[in-house]
Protein chains: 2
Amino acid sequence: MAKELTSKSENYSQWYNDLVVKADLAENSAVRGCMVIKPYGYAIWEKMQAQLDKMFKDTGHVNAYFPLFIPKSFFSKEAAHVEGFAKECAVVTHYRLKNDPDGNGIVVDPDAKLEEELIVRPTSETIIWNTYKNWIQSWRDLPILCNQWANVVRWEMRTRLFLRTAEFLWQEGHTAHATKQEAVDETFKMVNVYAEFAEKYMAMPVIKGHKSENERFAGALDTLCIEALMQDGKALQAGTSHFLGQNFAKAFDVQFANKEGKLEHVWATSWGVSTRLMGALVMAHSDDNGLVLPPELAPFQVVIVPIFRNDEQLNQISEKVDMIIEKLKTRGISVKYDDSDAKKPGWKFAEYELKGVPVRLAIGPRDIENGTVEVARRDLLSKEVVNIEGIDEYVENLLDDIQTSIFNKAFNFRAEHTTEANTWDEFIDVLKNKGGFISAHWDGSPETEQKIKDETKATIRCIPFDSKEEEGKCIYSGKPSKQRVLFAIAY
Amino acid sequence: MAKELTSKSENYSQWYNDLVVKADLAENSAVRGCMVIKPYGYAIWEKMQAQLDKMFKDTGHVNAYFPLFIPKSFFSKEAAHVEGFAKECAVVTHYRLKNDPDGNGIVVDPDAKLEEELIVRPTSETIIWNTYKNWIQSWRDLPILCNQWANVVRWEMRTRLFLRTAEFLWQEGHTAHATKQEAVDETFKMVNVYAEFAEKYMAMPVIKGHKSENERFAGALDTLCIEALMQDGKALQAGTSHFLGQNFAKAFDVQFANKEGKLEHVWATSWGVSTRLMGALVMAHSDDNGLVLPPELAPFQVVIVPIFRNDEQLNQISEKVDMIIEKLKTRGISVKYDDSDAKKPGWKFAEYELKGVPVRLAIGPRDIENGTVEVARRDLLSKEVVNIEGIDEYVENLLDDIQTSIFNKAFNFRAEHTTEANTWDEFIDVLKNKGGFISAHWDGSPETEQKIKDETKATIRCIPFDSKEEEGKCIYSGKPSKQRVLFAIAY
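Computed from a predicted structure; not experimentally measured.

Asks: Looking at this structure, how should I read the overall build of chain A?
Replies: Within chain A, the secondary structure is distributed over 14 helices and 25 strands. Its C-alpha atoms give chain A a radius of gyration of 26 Å, near enough to 23 Å, the size a compact globule of 491 residues would have. Considering only C-alpha atoms, chain A reaches an extent of 80 × 70 × 55 Å along its principal axes. Here chain A holds 491 residues, and the buried ones make up 48% of them. A fraction of 67% describes how many contacts in chain A between residues 6 or more apart in sequence connect residues 24 or more apart.

Structural data, given as structure tokens:
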């Protein structure tokens, strides 16, 4: 191995931290809780962004950019929102530094105090609805379907790379509609976009559902989400889409004249995914040898490693490789050719396994003689020798197969780790000994949910869209319930 | 006109402000000095980003992301840098808000004061070089060729949309090299990338050159730049590329073992362009009817307006239009079809002129009969009637022609507004009565440059790469000079 990794079974949490750092995805910075996203990690994020951005545009959205700072007073305008967001946040109080008159370097200039403090955005509903007020007069101005790619800051005390950082990158969609139905439809549309992205591109199966009241976004009437299962049996919320009703329109006095000329408050949604998806991607598929990346999101899908003793051999191999690369590129496959002589092939094999490159081709002098190439697939760690003739088609099919096979593996894992519990003892037993999602009846009260959380750390991840009506009794209170909900211990 | 615009000749500055707001590019926000970039403006910025990003990647660069916040102490580490940047900036001093015990909404929690204040990045050399320290041990780790797309904050007292805002979007490249020559080469390579982008995509001719010492980036040994001329005769710095020598490597103790195993400090460059380019684009080409966008950066290149009295006519027209759209899209041309009946054609014509859409097609019932379409080009405000047959090829050629013609117009304007001045009186006369670039001899001293600036507001925009050696006398001091430099009053 190029770099040693803690094994998953030994210490899952350490395995994750090691992997993120050693595979060059991200690292901690000198600023508490803020990460540096390294080029290899950022390349994956860029692929995620490009695909999501396309899906947003295909569903009629446009991008815009709103200020990083939000006046403190804006947070007080929406009652539930202030409770949820105006707490742990970065507060700008001054706008100037100066040389310390006592010669101790630079200090904050006390004369440059802001009249009103500015908050570094933890989310942008308030500043955006304050802006929309000027954009919306009549029904003709609606809908507004804006998205923003931005950094946000939430002052987290316990941080983990990608999963929970003080600063993170995300997109936040903020839409304004003339009718409730249109806003509700938008909320569902976007959770479906997220689900499609997660499953088709991240190869990560997700459950779509409603959040319970306790887990709802601060200021929302309904929060829809996609929930994924990680390999340690913990759930991860991978995206949310909020129906905000008229709360923000009322808080910021955003009204429109309807077709009859009557003033009405505007209906709102917001929806977002963040660099947290990077953490989900790592934890959903990777193994003790390193990352396992779905081909759709790999910075490069194929790496070619030449096996050679001297320049003459390398030249012969490179000639063949150039042809292969050209053929692969014609099929839209991204390739890296690592012909450096600073490292041995064995080191390279381990390095690209660590980096999760889906397919590795190795070519030595014997392959040149035989017209063959060794093809290794990262997900199964299997190898076979294949004819160079037709290798491009072979690799194209292989990449499709890997994408599907990674998804299926995660899908089967989730199926095996989704358990129905009908009694409190069963519930506790599954949580302790198996983990994963637990499908159980719940009486629908926030109090019961809170008690279950206090006793077990498990929360309701969602009330799945496809949860069927079924008479039952709450596993905790024994009170009647009409459908099962999904519990899990979550990231 | 859909919205009234101040004319350029009446008040250039007001014309610019009106245009940026009325063409839906950007507007001021509730936060002093911070702008909202509206969807139409952001769509242009996205096109700029996409093209620049491609050019960066084609020259071997990768993207990464570094923290928004920089510890205050980092700024003190590079002596010249602290003078230039650690002054007017946003300072985060606290990390929590709380409910005011006296019931006055939310207040900053005095118990949540940071031990060390954090500065919202005005530029990222310090945090990046502090990170590079851990990435670089040996010559094998070099070069590092990173770029970052990010928001930055500089607390400007007098702000103008796009040209000077407290928060702006930009990219900042930060590279690390084993040798001085390699770093110098990189600095030139990137200023050439910027020049190519400005000329080929923005259709904006630029002068490449060195900054004088007074105008150099804080911490650089040499600053290269591209300078453009706006229609009011003022210059605008559109991009800079800095050779930083070993200054930041020394400040952050970044050394590498060279091939002989000896430790050396790393050589650095940084380079950036920002949303300021949006201001340059507007001011370089637009007119009293609104924006004039080069086809390469227009959010949509063609708008089609149907002229109809009833649904039957609209249906007939739309059938033809659908065919035209398909043909145009096949050629990679972006099209908007505005068939709404809420606005009259005349209103639409004015609106799309305001928005700078390069080509407008109008089709009415008579056109359907004759198999024709009216084609209007935005830059010349000219119209002609053309056969629908072959319209796609016609429009493709027309777009090329518009791109070239916008560039040529700006190029000729610059040529007419670049004047050699050989005496102080001439210099003053040109500044007062003609504006534009003044090519003049200068004795090379910062003091003279400062005096000229104090007396006239004109600064040395650059010492052009192609400035030939020539004996002369400084227009101000009369001292000997070996080459002309380019003066102008600048944004």
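Asks: Would you take a moment to explain the interface of chain B and chain A for this structure?
Replies: Many descriptions give the size of an interface as the accessible area lost when the pieces come together. If you look at the interface, chain B gives 53 residues, while chain A gives 53 residues. Looking at the side of chain B that touches chain A, the element that brings in the most residues is strand 5 (residues 88-99) of chain B, giving 10 residues. Here the residues of the side of chain B that touches chain A sort into 35 nonpolar, nine polar and nine charged. Two elements, strand 5 (residues 88-99) of chain A and strand 5 of chain B, share five bridges in a ladder whose sense is antiparallel. What sits directly across from Glu88 of chain A, in strand 5 of chain B, is Arg96 of chain B.

Asks: What should I look at first to understand the domain arrangement of chain A in this one?
Replies: Taken domain by domain, chain A comprises domain 1 (12-66 + 125-285), domain 2 (300-400) and domain 3 (418-488). Centre-to-centre separation of domain 2 of chain A and domain 3 of chain A, based on C-alpha positions: 49 Å.

Asks: Please clarify how the sheet that holds strand 18 (residues 359-363) of chain A should be interpreted in this entry.
Replies: Strands pair in a sheet through their backbones, by hydrogen bonds, and they do so in one of two ways: parallel or antiparallel. Residue and element names in this part refer to chain A. The five strands are arranged 17-16-18-19-20 in an open sheet whose pairing can be described as mixed. Of all the strands in the sheet, just strand 17 (335-337) and strand 20 (382-387) have a single pairing partner and so form its edges. Adjacent strand axes in the sheet meet at a mean angle of 25°, parallel and antiparallel pairs treated alike. Inspection of the sheet shows strand 18 paired to strand 19 (residues 372-377) by four bridges, in the antiparallel sense. Residue pairing across strands places Arg360 opposite Ala376, the latter belonging to strand 19. Lying on the sheet, helix 9 (residues 311-330) is in contact with strand 16 (302-306), strand 17 and strand 18; it crosses strand 16 at an angle near 170°.

Asks: Explanation requested: the sheet that holds strand 20 (residues 382-387) of chain B in the structure shown.
Replies: All names here are of chain B. Spatially, 17-16-18-19-20 is the arrangement adopted by the five strands of the open sheet, whose pairing is mixed. Whereas interior strands pair on both sides, the edge strands pair on one side only; in this sheet they are strand 17 (335-337) and strand 20. In this sheet, adjacent strand axes meet at a mean angle of 25° when their direction is disregarded. Bridge count for strand 16 (residues 302-306) against strand 18 (residues 359-363) is five bridges, and the pairing is parallel. Bridge pairing links Val303 to Arg360 in strand 18. Across the face of the sheet, helix 10 (residues 345-354) comes into contact with strand 16 and strand 18 while running at roughly 170° to strand 16.

Asks: Sorry if this is basic, but what is going on with the relation of the copies chain B and chain A here?
Replies: For the pair of chain copies, the relating operation is a rotation around an axis with a shift along it. Mapping chain B onto chain A leaves a residual RMSD of 0.0 Å; the transformation is a rotation of 180° accompanied by 0.0 Å of translation along its axis. Both copies of the chain, as the preceding transformation shows, are related through a two-fold rotation axis. Every residue of chain B has its C-alpha some distance from the rotation axis, and the shortest such distance is that of Val92 of chain B, at 2.1 Å. A shared interface surface links the copies, since 100% of the contact residues of chain B are contact residues in chain A too.

Asks: For this particular structure, what's the right way to read the pairing of strand 19 of chain A?
Replies: Within a regular strand, the side chains alternate between the two sheet faces. Residue and element names in this part refer to chain A. Of the pairings in the sheet, the one linking strand 19 to strand 20 comprises six bridges and is antiparallel in character. If you follow Val375 over to strand 20, its bridge partner there is Glu384. Counting the residues between successive antiparallel strands, the hairpin from strand 19 to strand 20 contains four residues, one of them, Leu381, with a positive phi of roughly 55°.

Asks: Sorry if this is basic, but what is going on with unusual backbone geometry here?
Replies: Residue and element names in this part refer to chain A. Of note, the bond from Leu142 into Pro143 is cis; its omega dihedral lies within 30 degrees of zero at -5°. Tracing the backbone through its elements, the reader meets Pro143 in the loop between helix 5 (125-135) and strand 8 (144-153). Here Leu381, not a glycine, exhibits a phi torsion of approximately 55°, which is positive. Secondary-structure assignment places Leu381 in the loop between strand 19 and strand 20. Judged by C-beta crowding, with 11 C-beta atoms within 10 Å, Leu381 ranks as exposed.

Asks: I keep staring at helix 13 (residues 424-433) of chain B and nothing clicks. Help me out?
Replies: Note on helix geometry: an α-helix contains 3.6 residues per turn, so any two residues three or four positions apart are oriented the same way. Residue and element names in this part refer to chain B. Buried residues of helix 13: Phe427, Val430 and Leu431, and no others. For helix 13, the arc enclosing every buried residue in end-on projection is 100°, short of the 170-degree limit, so these residues lie on one face. Facing away from the buried side of helix 13 by over 90 degrees, the exposed positions are Asp425, Lys432 and Asn433. Buried residues along helix 13 sit in contact with strand 21 (418-420), strand 22 (437-441) and helix 14 (446-456).

Asks: What is the right way to look at the environment of Leu297 of chain B in this model?
Replies: Residues and elements named next belong to chain B. Along the chain, the position of Leu297 falls in the loop between helix 8 (276-285) and strand 16. Each C-alpha atom of the pair Leu297 and Glu227 lies 20 Å from the other, and the pair is 70 residues apart in sequence. If we ignore the near neighbours within four places in the chain, the residues touching Leu297 are Ile44, Lys47, Met48, Tyr201, Met202 and Leu281.

Asks: What should I look at first to understand the pairing of strand 24 (residues 469-473) of chain A in this one?
Replies: Residue and element names in this part refer to chain A. By the criterion of burial, strand 24 is predominantly exposed, with just zero of the five residues buried. Pairing analysis gives three bridges linking strand 24 to strand 25 (residues 480-488), with the strands arranged antiparallel. Bridge pairing in strand 25 links Lys473 to Pro480. In sequence, strand 24 turns back onto strand 25 through a hairpin of six residues, with Gly478 there showing a positive phi of about 75°.

Asks: Any chance you could explain helix 9 of chain A here in plain terms?
Replies: All names here are of chain A. Taking 1.5 Å as the rise per residue, helix 9 with 20 residues should run 28 Å; its terminal C-alpha atoms sit 28 Å apart, in good agreement. Taken residue by residue, helix 9 has Ile317, Val321, Ile324 and Leu328 as its buried positions. For helix 9, the secondary structure elements touched by its buried residues are strand 16, strand 17, strand 18, helix 11 (365-370) and helix 12 (391-416). The first or second residue beyond helix 9 is Gly332, which carries a positive phi of 80°.

The rules behind each value
Residues numbered from 1 in each chain as written. Chains lettered and ligands numbered in written order. Predicted model: local features only at pLDDT ≥ 70, side-chain atom pairs only at ≥ 80, totals over all residues. Helix = DSSP H or I, 4+ residues; strand = E, 2+ residues; numbered from the N terminus. Rg over C-alpha atoms; globule rule 2.2 N^0.38 Å. Buried ≥ 20, exposed ≤ 12 C-beta atoms within 10 Å, placed from the backbone. Contact = placed C-beta atoms within 7 Å. Nonpolar A, V, L, I, M, F, W, Y, C, P; charged D, E, K, R; others polar. Pairing = 2+ DSSP bridges. Domains from an automatic or database assignment. Axes fitted to C-alpha atoms, helices over the stretch in contact; angles between N-to-C directions. Least-squares fit on C-alpha atoms with pLDDT ≥ 70 in both. Arc of directions from axis to C-beta. Expected span 1.5 Å × (residues − 1).

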